[in-house]
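Secondary and tertiary structure notes
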Amino acid sequence: MPSPSTPRRADFPADFIWGCATSSYQIEGAVTADGRVPSIWDVFAAQPGTIRDGSSGAVACDHYHRWPEDLDLARQLGVNAYRFSIAWPRVFSARGRLNTAGLDFYERLVDGMLARGMRPWATLYHWDLPQFLQEQGGWGARSTATAFAEFADAVSRRLGDRVQHWITHNEPWCTVIHGHYEGIHAPGLRDFRLALQVGHHVLLSHGLALQALRRNVPQARVGLALSLHPLRAATDSAADQAATQRHDGLRNRWFLDPLYGRGYPQDIWQAVGAAAPEVRAGDLDLIAAPTDFLGVNYYFPEVVADAPGQGVLGLRIVEQAGVERTAFGWEVSPDGMVDLLQRLQRDYPTGPIYITENGASFEDRLGPDGRVDDPQRQAYLARHLAALLRARAAGCDVRGFFAWSLLDNFEWAQGYVRRFGLAYVDFQTQQRVLKASGQWYAQFLHGR
Ligand code: IFM
């Protein structure tokens, strides 16, 4: 008997987008197939100590070869959309050198989605920069932004007749902070000044790619997917409140403000001093060109305290005791998603919002009966969908939800230790098993 708070598909509008999401490097494997060249993640993962279990995405879920089975699995869920990403190092083997075999793969994949009744939602950058571009300065070089526009142009010329929904970048914050300041993601650099310049080039590349997509795909719906966090202060002291404001400035507003025409937030611009990025005339207009939707990747809230001298903004994240957490240690807070959506609705002209990622890692085990029982993930999903209904009832224009992820996969610096899939993957045999949460999502989507 469903509890009164268990959401039903019928509670959402009939045209709501229901999906699941993946990304190229996390699932494809086949890193040398058909002319693919190395990405920064191949190079980073090869360095000792970078990945928790010493692994890489070299094989991952072998999705490059097993994609028909994986799309069948997605169809079994009953999703009407499938979010995937396109590996830039499959499509260009050097600056200006197109690899048509790489594009052929994505054409087969997109046709496979359409044949199964799923709308393709293509992400252009989910962190696998070609290594040849890193060697020319990576995202720290302005030329990478123009190279990205060439990539967007080539992909959209080939797939634009079939792909309407485009996400330029996935979670620029991670590229900027994890990749270039904390050094825990590829390319593993630790330079705050560089990180902010990277952030500017990533946003600029979004604006340039948007132009290419508009030119090539008149019916395109274009947005980007930001990882955003609701924040609260550890105490109501003025110092903790101000620290929360600063954290919001870099975590959320640093990306949202320029995208919605406000330029970089001045409080943070002042606070970072000489680390502020070089911004050329016209850049901010390009970045603020109208988009068609905002993708929100929602995982967890954060609690912030003032900590003079700590980090670049003099603050720290406080681990709250006694809160429910995923295996990753992330606080579970469906209400946080409602707060975040209401804040976006209030503060920014985002247009329609899609939850482009939401999900959780737990310690999944394949049982002797061949089942994977993951009641926590099932509850997580149900509670976040119920929260979406509350956000909609409060006036938030949320039009879709993509579960992260279809498959257990290469979880970046955590390797294969963290499982987020609706389907369990046995990485020895490549067997896929729909978890109980996946079966629940399928029942939900099939309206039972
Ligand atoms: O696996 C990642 C994904 O690539 C980006 N968003 C967060 C997920 C879970 O960490």
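Below is a short write-up of the structure. (Residues numbered from 1 in each chain as written. Predicted model: local features only at pLDDT ≥ 70, side-chain atom pairs only at ≥ 80, totals over all residues. Heavy atoms only, no water.)

A short note on the overall build of the protein chain
Rules: Each helix is a run of DSSP H or I of at least 4 residues and each strand a run of E of at least 2, with the numbering of both proceeding from the N terminus. As defined in this context, the radius of gyration uses C-alpha atoms, and a globule is described by 2.2 Å times the residue total to the power 0.38. Burial classification: accessible surface area is computed with a 1.4 Å probe over protein chains only, and a residue below 20% of its type maximum counts as buried, one above 50% as exposed, and the rest as partly exposed. Residue contacts are counted whenever heavy atoms from the two residues lie within 4.5 Å of one another. The Shrake-Rupley method, run with a 1.4 Å probe, gives the accessible areas here. Residue values count only the displayed protein chains as cover. His residues and chain termini do not enter the charge count, which takes Lys and Arg as positive and Asp and Glu as negative. Working definition for charges: the position is that of NZ of Lys, CZ of Arg, CG of Asp or CD of Glu.
Per the secondary structure count, the protein chain includes 15 helices and 15 strands. A compact globule built from 448 residues would reach a C-alpha radius of gyration of about 22 Å, and the protein chain, at 21 Å, matches this within 12%. If you line up the protein chain on its principal axes, its C-alpha atoms span 60 × 55 × 45 Å. The burial tally for the protein chain puts 62% of its 448 residues in the buried class. Taking contacts inside the protein chain between residues at least 6 apart in sequence as the whole, the part at least 24 apart equals 77%. Accessible surface, the protein chain: about 16,500 Å² in total, of which carbon and sulfur atoms supply 50%. On the protein chain, the mean spot of the 44 positive side-chain charges and the mean spot of the 48 negative ones are 3 Å from each other.

A short note on the packing of aromatic side chains
Formally: Under the pairing criterion, centres of Phe, Tyr and Trp rings, with the six-membered ring standing for Trp, must be within 6.5 Å; the plane angle then separates stacked pairs below 30 degrees from edge-to-face pairs above 60, leaving the rest tilted. Here, a charge over a ring is recorded when the distance from Lys NZ or Arg CZ to the ring centre is within 6 Å and its angle to the ring normal is within 35 degrees.
Going through the model one piece at a time under the given rule, you end up with 45 aromatic pairs. Taken together, a centroid distance of 4.5 Å and an interplanar angle of 35 degrees make the contact between Trp254 and Tyr264 tilted. Of this pair, Trp254 sits in helix H10 (residues 238-259) while Tyr264 sits in the loop between H10 and helix H11 (266-272); the two residues are 10 residues apart in sequence, bridging distant segments of the chain. Since its relative accessible area comes to 5%, Tyr264 is described here as buried. For the ring pair Tyr299 and Trp330, a centre distance of 5.3 Å and an interplane angle of 65 degrees mean the geometry is edge-to-face. You can see Tyr299 sitting in the loop between strand E9 (293-297) and strand E10 (302-306) and its partner Trp330 sitting in the loop between strand E11 (315-317) and helix H13 (334-347), a full 31 residues away along the chain. Assessed through its relative accessible area of 8%, Tyr299 is described here as buried. The rings of Tyr25, Trp41, Phe44, Trp127, Phe410, Trp412, Tyr416 and Phe427 are connected pair by pair, giving a single aromatic cluster. Over the ring of Phe328 we find Arg418; its NZ or CZ atom is 5.6 Å from the centre of that ring.

Description of the site of the ligand
Quick reminder of the rule: Being near a molecule or strand, for a residue, means having at least one of its heavy atoms within 4 Å of it. N or O atoms closer than or at 3.5 Å make up a polar contact, with two conditions inside protein: a donor-capable atom paired with an acceptor-capable one, and, for residues adjacent in sequence, both atoms drawn from side chains. The nonpolar class holds Ala, Val, Leu, Ile, Met, Phe, Trp, Tyr, Cys and Pro. Asp, Glu, Lys and Arg form the charged class, and all remaining residues, Gly among them, are polar.
All residues adjacent to the ligand are Gln26, His126, Trp127, Asn170, Glu171, Tyr299, Trp330, Glu357, Trp404, Glu411, Trp412 and Phe420. In the model, an oxygen atom of the ligand is placed 3.3 Å from a nitrogen or oxygen of the Trp404 side chain. Between the ligand and Glu411 there is a distance of 2.6 Å, counted from an oxygen atom to a side-chain nitrogen or oxygen. In isolation the ligand offers 280 Å² of accessible surface; the protein chains occlude 96% of this area. Taken together, the residues of the shell around the ligand sort by class into 6 nonpolar, 3 polar and 3 charged.

A look at the sheet that holds strand E1 (residues 17-21)
This is how it is decided: Here, any two strands with at least 2 DSSP bridges between them count as paired. Note on method: axes are straight lines fitted to C-alpha atoms, helices fitted across the in-contact stretch only, with angles between N-to-C directions ranging 0 to 180 degrees.
One closed barrel accounts for 8 strands, arranged E1-E2-E5-E6-E7-E9-E12-E13; its pairing is parallel. For this sheet the average axis-to-axis angle between neighbouring strands, irrespective of direction, equals 25 degrees. Note: strand E7 (residues 221-227) against E9, 5 bridges, orientation parallel. By the bridge assignment, Ser227 is partnered in E9 with Asn297. Sitting on the sheet, helix H14 (residues 375-393) touches E1, strand E12 (353-357) and strand E13 (398-404), and the angle it makes with E13 is about 165 degrees.

Thoughts on the nonpolar core
Convention followed: Joining through side-chain atoms within 4.5 Å is the link that ties buried Ala, Val, Leu, Ile, Met, Phe, Trp, Tyr and Cys residues into a set, and such a set is a nonpolar core.
Counting 128 residues, the largest nonpolar core has Trp166 and Tyr441 as its most contacted members. The element contributing the most residues to this core is helix H9 (residues 192-216), with 10 residues. With sequence-adjacent residues up to four places away left out, Tyr441 is seen in contact with Trp18, Gly19, Leu77, Val79, Leu381, Phe401, Ala403 and Leu422. The next biggest cluster of nonpolar side chains, apart from the first, holds 17 residues, and it includes Ala225, Tyr354, Phe402 and Phe420.

Remarks on the environment of Gln428
Topologically, Gln428 is positioned in the loop between strand E14 (423-426) and strand E15 (431-434). Residues Gln428 and Leu226, spaced 202 residues apart in sequence, show a C-alpha to C-alpha distance of 33 Å.

Some words on the pairing of E12
Side-chain direction in a regular strand flips from residue to residue, so the side chains alternate between the two faces of the sheet. Quick note on the threshold: Crossover handedness is defined by viewing with both strands directed away from the observer: a clockwise path from the first strand over the helix to the second marks the crossover as right-handed.
With respect to burial, E12 is a largely interior element, 5 of its 5 residues being buried. In the sheet, E9 pairs with E12 via 4 bridges, with the strands oriented parallel. By the bridge assignment for E12, Asn297 is matched with Glu357. Bridging between E12 and E13 involves 3 bridges; their strand directions are parallel. Across the sheet, Tyr354 pairs through a bridge with Gly400, a residue of E13. On the question of chirality, the crossover connecting E12 to the parallel E13 by way of H14 is right-handed.

Structural notes on the side chain of Asp42
Residue position: Asp42 is located in helix H2 (residues 40-45). Within polar-contact distance, the side chain of Asp42 engages the backbone nitrogen of Ser39 at 2.7 Å. Among residues more than four places away in sequence, those in contact with Asp42 are Tyr25, Val31 and Arg36.

What is shown is where atoms sit, not what they do.
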